[in-house]
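# Commentary on secondary and tertiary structure
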Amino acid sequence: MKKRNLVFTVASSLLLATVLMSQTKKPAAPAKTAGATASGGASASITRGKQVYLEQCLACHQVDGAGVQGMNPPLVKTKFVLGDKNTLVKIVLNGMQGVEVEGEEYHGVMAPHSDLTDAQIADVLTYVRNSFGNKAKAVTAAEVKAIRAKNKPA
Amino acid sequence: MNVIARKSLYLAAGLCFAGLVASAGDGGGKKGKEKPAKVSDANTQLKLPSGFSAVTLVDSIGRARHIAVAPNGVVFIRLNRSKGATKGVYRLEDTNGDGKADKITGFGSFFGTGVAIGNGYLYASSDEEVYRFKLDKDYNVVNPDNPEKVVTGLLNRHEHEAKAITLDGKGNLYVNIGAYSNACQLKDRTKGSPGDMPCKILDSAGGIWLFKADKLNQTYGDGVRYATGLRNVVGLDWNKQTNSLFVMQHGRDQLHDLFPDMWDTKQSAELPAECMYELHQGSNCGWPYIFYDQNQHKKILAPEYGGDGKKTGGENAQDPVVAFPGHLAPNGLLFYTGNQFPEKYKNGAFIAFHGSWNRAPEPQAGYFIVFQPFKDGKPSGQWEVFADNFSGGPEKTASGRVMYRPCGLAQAPDGSIYVTDDSKGAIWKISYK
């Protein structure tokens, strides 16, 4: 368990907005369904994750994921977004305030988003990790579930 | 993996304004759009009314927040922390009169927003303290390494932490202590969390505090809560005509995010108003229980306190004297007392709107200086945009990825006005004719 205080940046970026209104339906795993090509799970997850981003994250992290100076940290190629999934998932679950990214401080308050389903968190993180110039491995609902099970909100 | 990459590119392209995401205010990230190559010379950046022109005193001094000008024309600016910055206050002097600062000295190892000159001192605030530096007759700082602490121990919880200050010329120092909250919910900015009743934040923040300008080491117990119910004030100025304090409040965020059933994204981008208030001792402007709706011209009960977007509230709260569109972030206020500008500007208010972020997904707005005419101490007539194009163009304004962000305002002895930018650190002097 690395304690990177300030580090929780990126995650924070994920969701300032609200909690999804009411969808609590879990698409089970991020694979399944839907159109998408043969690209399998990740592609569909990114598509779903974009919707979650629009509803939960965009207000603070902005359309381009670059955040707001001094307030809401960027999600663009930062170690928070591209790095350790455990840290990233916990930022979404627990929220955060105060982080330093690339030498710049961000003070915006990110509310906890533990009311998102495991699948929603997996989708939105997979989307963010593969958008805005980012490229990183997908996050799966099973991973979120395991992290949530051990998560103790501060 | 390739497929994923391609897909994500797709999505990113669809969602983003620009492929290269420029960090806020970096102004780079030009895409091959139809935009003409921007002239990066800040000198030619601003669009002004006919007869006005602007030149930069400096182009990139750092995150310049508020500014104060001495009677001999020496300029002091206050800097926020940024990567690599070591000094928080700068003294700028143009000794040869060519419009450029040629004598620049930095001092003060603390960062922040507020700065003011009075009583032979330079006052400068951090996010917890107000310091002062003794000035000599030429407005040199006598002892730059040893400021005195005038006020200490003010709350800084990293939300609305800037301690903007002003003096009234009668020995009083006014300090904004912003609320460390959006709407005084039990859990800040968290959907479904109710408003704290009564809002305990107001005991130590969410208002303007009054201190003595010449007494050292004051803290809460030595000060007076001069006005309350103000979420956050950055732009404030003492109006010498009315002999009273005027402030610009930053209105609350996230009506749509927190209450999507009551406000859609378009309404939420415009609401609530960014309000100008005239304050007197004991003033209450109503935050967090109400916000001002500039379309209904009413104080609306906040949804965290049972409001539905229509119910009014705040019977004891005063009304704003001017209500501007939402989220524009008024960071600088200046009452113009000079004689250089045309007559209509006399005693009117300039407001520097830093620019919005909480309008997404709707287009962002602001990044300009507005002029509000006054007559006999009251707003008179419609406000207008005075200085524009800090952003670098309409698309940059809409995306929020702008070149400059206006923040502080001050009047020069010759009747010109100065504007600071806290993105790169340009400082413009705007003159008439």
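Residues numbered from 1 in each chain as written. Chains lettered and ligands numbered in written order. Predicted model: local features only at pLDDT ≥ 70, side-chain atom pairs only at ≥ 80, totals over all residues. Heavy atoms only, no water.

### With respect to the overall build of chain B
The criterion, for reference: Where helices and strands are cited, they refer to DSSP runs of H or I of at least four residues and of E of at least two residues respectively, numbered from the N terminus. Here the globule rule is a power law, 2.2 Å times the number of residues to the power 0.38, and the radius of gyration is based on C-alpha atoms. Note on classification: 1.4 Å probe, protein chains only; a residue is buried when its accessible area is under 20% of the maximum for its type, exposed when over 50%, partly exposed between these limits. It only takes one pair of heavy atoms within 4.5 Å for two residues to be counted as in contact. Working definition of accessibility: Shrake-Rupley area with a 1.4 Å probe, residue cover restricted to the visible protein chains. In this charge count, Lys and Arg are treated as positive and Asp and Glu as negative; neither His nor the chain ends contribute. To locate a charge, take NZ of a lysine, CZ of an arginine, CG of an aspartate or CD of a glutamate.
Summing up its helical and strand segments, chain B has 4 helices and 29 strands in all. Relative to a compact globule of 433 residues, whose C-alpha radius of gyration would be 22 Å, chain B shows 21 Å and is just as compact. For the C-alpha atoms alone, the extent of chain B along its principal axes is close to 65 × 55 × 45 Å. Within the span of chain B, comprising 433 residues, buried residues form 60% of the whole. Contacts spanning at least 24 positions in sequence make up 57% of the contacts within chain B whose residues lie at least 6 apart. When the accessible surface of chain B is summed, it comes to about 17,000 Å², and 49% of that surface belongs to carbon and sulfur atoms. Computed over 50 positive and 45 negative side-chain charges, the separation of the two mean positions in chain B equals 3 Å.

### Notes on the state of the cysteines
Residue and element names in this part refer to chain A. Inclusion rule: Note on terminology: pairs of cysteine sulfur atoms within 2.5 Å are recorded as disulfides.
Tallied over the full model, the rule gives 1 disulfide over all chains. Cys-60 provides the cysteine sulfur closest to Cys-57, a residue in no disulfide bond, and the two sulfurs are 9.0 Å apart. Exposure remark for Cys-57: the relative accessible area of 0% places this residue in the buried category.

### Here's the deal with the nonpolar core
Basically, it comes down to this: We call a set of buried residues a nonpolar core when its members are Ala, Val, Leu, Ile, Met, Phe, Trp, Tyr or Cys and they connect through side-chain atoms within 4.5 Å of each other.
Among the nonpolar cores identified, the biggest contains 28 residues, and Tyr-53, Val-89, Ile-121, Leu-125, Val-128 and Phe-132 of chain A are the most heavily contacted of them. If you list the elements that add at least two residues to this core, you get helix H2 (40-56), helix H5 (85-94), helix H6 (118-129) and helix H7 (141-150) of chain A. Among the nonpolar cores identified, the runner-up in size contains 24 residues, and Val-151, Leu-167, Ile-201 and Trp-209 of chain B belong to it.

### A look at the confidence of the model for chain B
All names here are of chain B. So the rule is basically this: A residue's pLDDT is simply how confident the predictor is in it, with values from 0 to 100.
Of all residues in chain B, 91% have pLDDT values of 70 or greater, and the mean over the chain is 91. Here residues 1-39 is modelled with pLDDT under 50, and outside its nearest four sequence neighbours on either side it reaches 61 contacts, counting other chains as well. Our summary of model confidence lists the complex with pTM equal to 0.86 and ipTM equal to 0.81.

### Section: the sheet that holds strand E12 (residues 207-212) of chain B
The criterion, for reference: Here a strand pair is declared whenever DSSP counts at least two bridges between the two strands.
Reading across from one edge, E10-E11-E12-E13-E17 (chain B) is the order of the 5 strands in this open sheet, with mixed pairing throughout. At either end of the open sheet lies a strand with only one pairing partner, and these are strand E10 (165-167) and strand E17 (283-284) of chain B.

### Focus: the packing of H5 of chain A against H7 of chain A
Residues and elements named next belong to chain A. The criterion, for reference: For helices, the fitted line uses only the C-alpha atoms of the stretch in contact; every axis is such a line through C-alpha atoms, and the angle between N-to-C directions lies from 0 to 180 degrees. Orientation categories follow fixed angle ranges, with anything under 35 degrees roughly parallel, anything over 145 roughly antiparallel, 65 to 115 roughly perpendicular, and all other angles oblique. Think of it as three bins: nonpolar holds Ala, Val, Leu, Ile, Met, Phe, Trp, Tyr, Cys and Pro, charged holds Asp, Glu, Lys and Arg, and polar takes everything else, Gly as well.
Where H5 contacts H7, the axes come no closer than 10 Å and their chain directions differ by 70°. Classed by the angle they form, the pair H5 and H7 counts as roughly perpendicular. Seen from H5, the contacting residues are Lys-85, Asn-86, Val-89, Lys-90 and Leu-93; seen from H7, they are Glu-143, Val-144, Ile-147 and Arg-148. For the contact of H5 with H7, a count of residues per class yields 4 nonpolar, 1 polar and 4 charged.

### Overview of H5 of chain A
All names here are of chain A. Among the 10 residues in H5, 8 count as buried, and that is most of the element. Residues of H5 that are buried include every one of Lys-85, Thr-87, Leu-88, Val-89, Lys-90, Ile-91, Val-92 and Leu-93, and no others. Downstream of H5 by a residue or two, Gly-95 has a phi angle that is positive, lying close to 75°.

### Considerations on H7 of chain A
All names here are of chain A. For clarity, the threshold we go by: Working note: the arc is built from the helix axis to C-beta atom directions.
Turning to H7, its buried residues number three or more, namely Ala-141, Val-144 and Ile-147. Looking straight down H7, one finds that the buried residues subtend no more than 125° of arc, so they occupy a single side. In H7, the exposed positions that point more than 90 degrees away from the buried face belong to Ala-142, Lys-145, Ala-149 and Lys-150. If you follow the buried residues of H7, they end up packed against H5 and H6.

### As for the side chain of Asp-168 of chain B
All names here are of chain B. Under the convention used in this document: The working definition used for a salt bridge is a side-chain nitrogen of Lys or Arg within 4 Å of a carboxyl oxygen of Asp or Glu. Whenever a nitrogen or oxygen atom comes within 3.5 Å of another N or O atom, the pair is scored as a polar contact, on the condition that within protein one atom can donate a hydrogen and the other can accept it, and that pairs from neighbouring residues in sequence are kept only if both atoms are in side chains.
Looking at the secondary structure, you find Asp-168 in the loop between E10 and strand E11 (172-177). Here Asp-168 sits buried without a salt bridge, and the closest side chain of opposite charge, Lys-170, lies 4.7 Å off (N-O distance). A polar contact of 3.5 Å, which involves the side chain of Asp-168, links it to the backbone nitrogen of Gly-171. Within the structure, Asp-168 has its side chain in polar contact with the side chain of Tyr-174 (distance 3.1 Å).

### A short note on the sheet that holds strand E1 (residues 52-58) of chain B
Strands pair in a sheet through their backbones, by hydrogen bonds, and they do so in one of two ways: parallel or antiparallel. All names here are of chain B. An order of E1-E29-E28-E27 is seen for the 4 strands of this open sheet, with the pairing classed as antiparallel. In this open sheet, the two strands that pair with only one neighbour each are E1 and strand E27 (406-411). Neighbour to neighbour, the strand axes of the sheet diverge by 25° on average, direction disregarded. Summarising the sheet, E27 and strand E28 (residues 417-421) pair through 4 bridges and their orientation is antiparallel. Within E28, the position partnered with Pro-406 by the bridge is Asp-421.

### Observations regarding unusual backbone geometry
Residue and element names in this part refer to chain B. Cis geometry marks the peptide bond from Met-197 to Pro-198; its omega dihedral reads -10°. On the secondary structure map, Pro-198 appears in the loop between E11 and E12. In the segment running from Ala-360 into Pro-361, the intervening peptide bond is cis, with an omega of 5°. Mapped onto the elements, Pro-361 comes out in the loop between strand E22 (349-353) and strand E23 (368-372). Despite not being glycine, Ala-329 has its phi angle at roughly 65°, a positive value. Examined against the element boundaries, Ala-329 turns out to sit in the loop between strand E20 (322-324) and strand E21 (330-335).

### Remarks on the side chain of His-61 of chain A
Residue and element names in this part refer to chain A. Looking at the secondary structure, you find His-61 in helix H3 (residues 58-61). The class for His-61 is buried, based on a relative accessible area of 1%. Within the local environment of His-61, its side chain forms a polar contact with the backbone oxygen of Pro-73, the two atoms lying 2.9 Å apart.

### Examining the packing of aromatic side chains
Residues and elements named next belong to chain B. Note the threshold: Side-chain rings of Phe, Tyr and Trp, where Trp is taken by its six-membered ring, are said to pair if the distance between their centres is within 6.5 Å; with planes under 30 degrees apart they count as stacked, over 60 as edge-to-face, and otherwise as tilted.
If you walk through the whole model with that rule in mind, you get 35 aromatic pairs over all chains. Ring geometry for Phe-52 versus Tyr-345: centroids 5.5 Å apart, planes at 80°, classification edge-to-face. Residue Phe-52 is found in strand E1, and its partner Tyr-345 is found in the loop between E21 and E22; the two are separated by 293 residues along the sequence. A residue is classified by how much of its surface remains accessible, and Tyr-345, at 3% relative accessible area, is buried. A ring pair is formed by Phe-107 and Phe-133, whose centres lie 5.0 Å apart and whose planes are at 80°; its orientation type is edge-to-face. Pair noted here: Phe-107 is in strand E5 (residues 103-107) and Phe-133 is in strand E8 (residues 130-134), with a separation of 26 residues, a long-range link.

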